[in-house]
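# Survey of secondary and tertiary structure
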Amino acid sequence: MRAIFHSVVVVLSLALTACGFQLRGSYSLPYESIYIGVPDVSVIGAGLKRQIRASGTRLADSAKDAQATFWQTAEAKEPIILSLSGSGRVREKRLRYRYGYRIVDDKGRDLVAPGVIELNRDVTYADSDVLAKTQEEELLWRDMENDLLQQLMRRIAASKPTFPSDDED
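Residues numbered from 1 in each chain as written. Predicted model: local features only at pLDDT ≥ 70, side-chain atom pairs only at ≥ 80, totals over all residues. Heavy atoms only, no water.

### Digging into the sheet that holds strand 1 (residues 33-37)
Two pairing modes exist for strands in a sheet, parallel and antiparallel, and in both the strands are linked by backbone hydrogen bonds. Ordered by their spatial adjacency, five strands build an open sheet running 2-1-3-4-5, and the pairing between neighbours is mixed. Both outer strands of the open sheet, strand 2 (58-59) and strand 5 (110-124), are each paired with one neighbouring strand and no more. Note: strand 1 against strand 2, two bridges, orientation parallel. Along strand 2, the bridge assignment pairs Ser 33 with Arg 58. Running at roughly 170° to strand 1, helix 2 (residues 43-55) makes contact with strand 1, strand 2, strand 3 (68-84) and strand 4 (90-104) of the sheet. (Pairing = 2+ DSSP bridges. Helix = DSSP H or I, 4+ residues; strand = E, 2+ residues; numbered from the N terminus. Contact = heavy atoms within 4.5 Å. Axes fitted to C-alpha atoms, helices over the stretch in contact; angles between N-to-C directions.)

### Focus: the environment of Asp 110
Tracing the backbone shows Asp 110 in strand 5. Every residue in contact with Asp 110, bar those within four places of it in the chain, is listed here: Arg 102, Ile 103 and Val 104. At a separation of 2.8 Å, a polar atom in the side chain of Asp 110 contacts the side chain of Arg 102. (Polar contact = N/O pair within 3.5 Å; in protein donor to acceptor, adjacent residues only side chain to side chain.)

### Looking at the packing of helix 2 against helix 3 (residues 130-158)
Where helix 2 meets helix 3, the closest approach of the two axes is 10 Å, and the angle between their N-to-C directions is 45°. It follows that helix 2 is oblique to helix 3 by the angle criterion. Like other packed secondary-structure pairs, helix 2 and helix 3 cross with a definite hand, here right-handed. Every residue of helix 3 that contacts helix 2 at Val 43, Ile 44, Gly 47, Leu 48, Gln 51 and Ile 52 is listed here: Glu 145, Leu 148, Leu 149, Gln 150, Leu 152, Met 153 and Ile 156. Residues belonging to the contact of helix 2 with helix 3 are distributed by class as follows: nine nonpolar, three polar and one charged. (Parallel < 35°, antiparallel > 145°, perpendicular 65-115°, else oblique. Left-handed = near helix turned anticlockwise from the far one by under 90°. Nonpolar A, V, L, I, M, F, W, Y, C, P; charged D, E, K, R; others polar.)

### Some words on the nonpolar core
Core analysis: the largest hydrophobic core is formed by 29 residues, its most contacted members being Leu 48, Phe 70, Tyr 99, Ile 103 and Leu 152. Residue assignment for this core shows that the elements contributing at least two residues are strand 1, helix 2, strand 3, strand 4, strand 5 and helix 3. Top element by residues in this core is helix 3. It accounts for eight residues. Setting aside anything within four residues of it in sequence, one finds Leu 152 in contact with Ile 44, Leu 48, Phe 70, Tyr 99, Tyr 101 and Ile 117. (Core = buried A, V, L, I, M, F, W, Y, C linked by side-chain atoms within 4.5 Å. Buried < 20%, exposed > 50% of the residue type's maximum accessible area, 1.4 Å probe, protein only.)

Structure, rendered in structure tokens:
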């Protein structure tokens, strides 16, 4: 019985590696140091700082001490009504999360073009299950925050910054 279990584990492991599956590790960022210009109470700011520390890149205390600075330019969470019942009650909603950002050098010049990430999740709604649907909505918002963090880290890691020379003005 034990031999069968071990052989199944080996076969599954080989199948996973053959399909290209790889655990998500830490990112390698193209900057020696980065400042995160996001409020400390922000879930995204705290998550970015945690991910950047794990990558081995130094978190600077100020924008002047950093090779690059990450600025949040916009953040909006919007529930949008998609459909109504015959009695005018909400049946479906779309949760939209828009997040804008910039990455600049110590002189304020863009190292990476400013970007916006937009995430959407659709959810059904029922007045009879208000508590369950409220909890589902909160779970979806948290999932969107985690997805946003991963997308931001991938975009920062994939960026190929061009550092302008100091004599340009």
